[in-house]
Structures are given as structure tokens and as C-alpha cells.
Amino acid sequence: MKVNFTANVFSGLVLWEIKLQGRVESSAAILDDFSQVIVGCYDGNIYFLNFSSGIPCWKFQTHGEVKSQPVIDKERHLVWCGSYDHNLYALDYENHCCVDKIRCGGSIFGAPALDEVHENLYVASTSGRVTALFVGALPFGQLWVQEFGVPIFGSLRVNPSSGNVICCMVDGSVVVLDTEGSVVWKVNTTGPIFAGPCISRALPSQVLVCSRDGSVYSFDLEKGDLFWKHDVGHPITSSAYVDEHLLLACIDSSLFQRLLCVCSSSGSVHVLQVSNGANQPCDMVREFAKFELGGDIFSSPVMIGGEIFVGCRDDYVHCIRLQEEIPI
């Protein structure tokens, strides 16, 4: 049995909990109206839980473990979620039915990426296939397929300014595809990548990639040029997270920097101070703070206003608060 719970963000007090019939390895998703929490489970089910009570509203049974984070498509009232049965499911969360399922050539671990402007959806599988779908109207049509032959475990991300999709692969490569499926740029890290890339409006020109080689890489979002690389000393298997609610001022400069958080699988939490662009007089990146937790960390952190939330293999969710920030 795996206990799935929600807690008060300020106090950590448990508001409700529910025992599911298997392990939960992915993040949950929440509907925009805060009515339901959606989470996948090792028992093959995708659960739709009441946001206030945790009572199940509905569950949908797939034919394999569900490790993929669900993605909310509010325009079509759908939840997109992949399964280890090689299918991507489109689930109507209002009428509690499956609208469509799409074969993806392999098990789906990461979350799909939705481009709301072009009404395209991208999904990757452990076989190395990236599938592009047009979801503007039923039946959903396949636009193109790219076969890389290298497993993709991390979630995909869409560059909101161009519509390009960013893929991170187990062989350490980062590939960006345009809306037609052509490769825009490709770069390599020196270790396997198991987590998806991080892009943020706070660092609009950068895409952040964490590698098992122990480094965080910052690449130019449009061209793939390396801005900076920072080694934390231990393998990283989760994504970085940028705090979009805080700014730090550079000494003797009117320019500002941002904070981002990365967690190593050995249990260390690193807060990095990063410049907004590539041509600033401040140092591009430096370690701002570091913490050690009591277990391995394989989940991605969330950082909001100087507070870091992260799950740990010590069976706790931790909230770490920084004390020396300058609020926007």
C-alpha cells in the first residue's frame, strides 16, 4: 500500500490521506478549478480524487504501471497520461470516460507536452520514439514520428515562443525539434539524463538540464550554445526548478539574478544563483546555499518565494526555507 496525502503548505499538517493499491512515482496534477487531484499508480490506475477530501471521484484502469505525470488540457476538458502499456490516454475528467488512446511504441515514463497555441501534443517513450499529435479536433491526428532509438524517460517541454519541443535522452543528448519534427539543434552532456528539461519565464533565454554526471547545464534555448555548467559533485536524476518569485541584485550593478534549486540523488539540496542572460557582468552561476537531507532524492523540487519543497527517500516531504532573499 502506498499512502498518498495532501498537507498544509505552511504547517505541514496532513489534511487528508488515501491508501492506493500500489506505489506512486510521479507528481500529481490538479485541475484549474481545484476540484480534483489526478495521480497515476503502479496498480495501473489513473485516480481522480476530490481535492478537498481525497475521496476518489473516478479511476481509469490501464494495462500497465502508470509512472507518467498527468497533463491537464483545460481547453478540451481532458487529462493526458501515459502508461507502461505503451498507450497515451485522453481522459475526459467531466464525463469520466476515455476519449482516445494512442500507441506510442514503448512505455511512457515522462509527462507529455502540450502546445496550446498550435494545439499540438508531444509524447516520448522508452523506445526512443517522439510522437506529435494534433489535438484541435477529434479524431486526434498524428502529425509525425521521430525514432531516436535511445530511451527517453524525462518529460518533454515546449518552448512557448517558438513551439519547439525539447527532449532529453538516456545517452546524455538534448535534442530540440520544431513543429514539423526536424532537428533544430542537438547537444551532448557527459552522463545519462533521466529527468526532463527546465525552462522558466524568469530565465527566458535558457534551458536547464540535469545529468547523472553531477552537473547542471544551461543551454541557449534557441541555438543550443552552452551558457554555463555547474557541478554539484553527485549524480542528479531529477529536474531543476527556478524560483520565479525572487530576485537577487548583483553587487555594484543594476542587474539581477535568479535562484534555482537542484537535488542530487545522494540527498543534497543545492540552491544556485544564476544570471538572467549570457552577457551580464555578474558571475553566471554560483552556489548560494546547500542542505543535506536524511535520504536519497529522486524527485524534482519545487521552489516558491525562497521555500523549497521536496520528497526524500527518508519517507518525508521536506520544506526548507531560505532566510536571505530579496523579494520582487
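As a reminder, the structure under discussion sits directly above these lines.
In this text the structure is predicted, and so the values were computed from the model without any measurement.

Undergrad: Explain the pairing of strand β5 (residues 45-50) to me, please; I cannot follow it from the model alone.
TA: Each regular strand shows side chains that alternate between the opposite faces of the sheet. A large share of β5 lies buried, amounting to five of its six residues. Note: strand β4 (residues 36-40) against β5, five bridges, orientation antiparallel. By the bridge assignment, Gln36 is partnered in β5 with Asn50. The turn linking β4 back onto β5 is made up of four residues, and Gly44 within it adopts a positive phi angle of 90°. When β5 meets strand β6 (residues 56-61), the two strands line up antiparallel, connected through five bridges. Its bridge partner being in β6, Leu49 is matched across the sheet by Pro56. Taking the residues that link successive antiparallel strands as the turn, the β5-β6 hairpin has five residues, and the phi of Gly54 there is positive, at about 85°.

Undergrad: Is there a simple way to explain the pairing of strand β20 (residues 203-210) in this structure?
TA: Burial of β20 is extensive: six of the eight residues sit out of reach of the surface. The pairing of strand β19 (residues 198-200) with β20 spans two bridges and is antiparallel. The residue of β20 that forms the bridge with Ser200 is Leu203. As judged from the five bridges shared by β20 and strand β21 (residues 215-220), these two strands associate in the antiparallel manner. Counted as the bridge partner of Gln206 is Asp220 from β21. The antiparallel pairing of β20 with β21 creates a hairpin that spans four residues between the two strands, and Gly214 there sits at a positive phi of about 90°.

Undergrad: Can you help me understand the sheet that holds β19 in this one?
TA: The strands making up a sheet associate through backbone hydrogen bonding, with each pair oriented either parallel or antiparallel. Across the sheet, which stays open at both edges, the four strands sit in the order β19-β20-β21-β22 with antiparallel pairing between neighbours. Whereas interior strands pair on both sides, the edge strands pair on one side only; in this sheet they are β19 and β22 (226-231). Put simply, the sheet's adjacent strands are angled 20° from each other on average, direction ignored. Where β21 lies against β22, five bridges are found, and the strand directions are antiparallel. Note on β22: the bridge partner recorded for Phe219 is Leu226.

Quick notes on the rules
- Residues numbered from 1 in each chain as written.
- Predicted model: local features only at pLDDT ≥ 70, side-chain atom pairs only at ≥ 80, totals over all residues.
- Heavy atoms only, no water.
- Buried < 20%, exposed > 50% of the residue type's maximum accessible area, 1.4 Å probe, protein only.
- Helix = DSSP H or I, 4+ residues; strand = E, 2+ residues; numbered from the N terminus.
- Pairing = 2+ DSSP bridges.
- Axes fitted to C-alpha atoms, helices over the stretch in contact; angles between N-to-C directions.

Any functional reading would require information that these geometric values do not contain.
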